[in-house]
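# Structural overview
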Amino acid sequence: MKELEEALLPFKEKRNMTIPALQIAQEKLGYLPREAIEDVAQTLGLPPGEVYEVVTFYAQFRLKPIGKNIITVCRGTACHVGGSSGILKELERILGIYAGETDEKREFTLLTVACFGACARAPITVTETLGLPGRKVHGYMTKMKARDLIEEIKQKMAEEAAEAA
Ligand code: FES
């Protein structure tokens with residue numbers, strides 16, 4: 001939380017900067033626990049309830065912990081026609097969680113989106129890693145590619161863990 005307090009310093013008493021301050025907090029923690037919302041409110045000089053209202057209004061903000069890797073399957077029409085429901089089922093099977101859930105080790109969170117805006121490459125799956133900037137968009141996804149993708153991420157995590165040991 002100390003790191004968060006430092007990151008929020010530029011927002012001191014800037015009451016109109018609620019969204020950027022919350023984005024920074026979420027980037028640091030992966031989600032917005034009550035303490036983070038209170039920190040943001042205190043920094044901005046706003047009542048915590050007002051900041052909480054902003055958090056619950058925007059879909060980009062998360063109140064629950066999230067996995068290190070976020071896998072988002074597009075469920076829009078083009079992706080649905082391209083087989084996204086089978087891809088989602090396969091990912092649910094491999095990861096042992098349903099869409100909207102995070103696994104116990106907080107390694108993976110599986111999400112869905114209505115349309116990612118890249119229909120020409122449907123079906124789309126998007127991956128992002130907490131703490132790293134940007135997202136990777138995987139087009140023309142198949143069940144087999146989804147399996148390979150998860151394998152690749154698991155391998156990378158194992159390599160990182162070995163390096164850190
Ligand atoms: S429907 Fe999936 S990107 Fe548009």
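Above this text is the structure in question.
## Details of helix α2 (residues 18-29)
Here α2 is 12 residues long and its end C-alpha atoms lie 16 Å apart, about the 16 Å a rise of 1.5 Å per residue gives. When α2 is considered as a whole, its buried residues turn out to be Thr18, Ala21, Leu22, Ala25 and Gln26. All buried residues of α2 lie within an arc of 135° about the axis, which places them on one face of the element. Those residues of α2 that are buried lie in contact with α1 (2-8), α3 (34-44) and α4 (48-57).

## Quick look at the pattern of salt bridges
Across all of its chains, the model carries four salt bridges by this definition. Between Lys28 and Glu3 there is a salt bridge, with the nearest N and O atoms lying 3.4 Å from each other. Taken together, the residues span a long stretch of sequence, with Lys28 in helix α2 and Glu3 in helix α1 at a distance of 25 residues. Judged by its relative accessible area of 42%, Lys28 falls in the partly exposed class. For Glu3, a relative accessible area of 53% puts it in the exposed group. One network of salt bridges, with partners in common, ties together Glu90, Arg93 and Arg147.

## Description of the pairing of strand β3 (residues 125-129)
As defined by bridge partners, strand β1 (residues 69-74) adjoins β3 across five bridges and the pair is classed as antiparallel. Counted as the bridge partner of Ile71 is Thr127 from β3. Where β3 and strand β4 (residues 136-138) come together, three bridges link them in antiparallel fashion. If you follow Val126 over to β4, its bridge partner there is Val137. Hairpin remark: β3 followed by β4, antiparallel, with six residues in the connecting loop; positive phi at Gly131, about 85°.

Procedures and definitions
- Residues numbered from 1 in each chain as written.
- Predicted model: local features only at pLDDT ≥ 70, side-chain atom pairs only at ≥ 80, totals over all residues.
- Heavy atoms only, no water.
- Helix = DSSP H or I, 4+ residues; strand = E, 2+ residues; numbered from the N terminus.
- Expected span 1.5 Å × (residues − 1).
- Buried < 20%, exposed > 50% of the residue type's maximum accessible area, 1.4 Å probe, protein only.
- Arc of directions from axis to C-beta.
- Contact = heavy atoms within 4.5 Å.
- Salt bridge = Lys/Arg side-chain N within 4 Å of Asp/Glu carboxyl O.
- Pairing = 2+ DSSP bridges.

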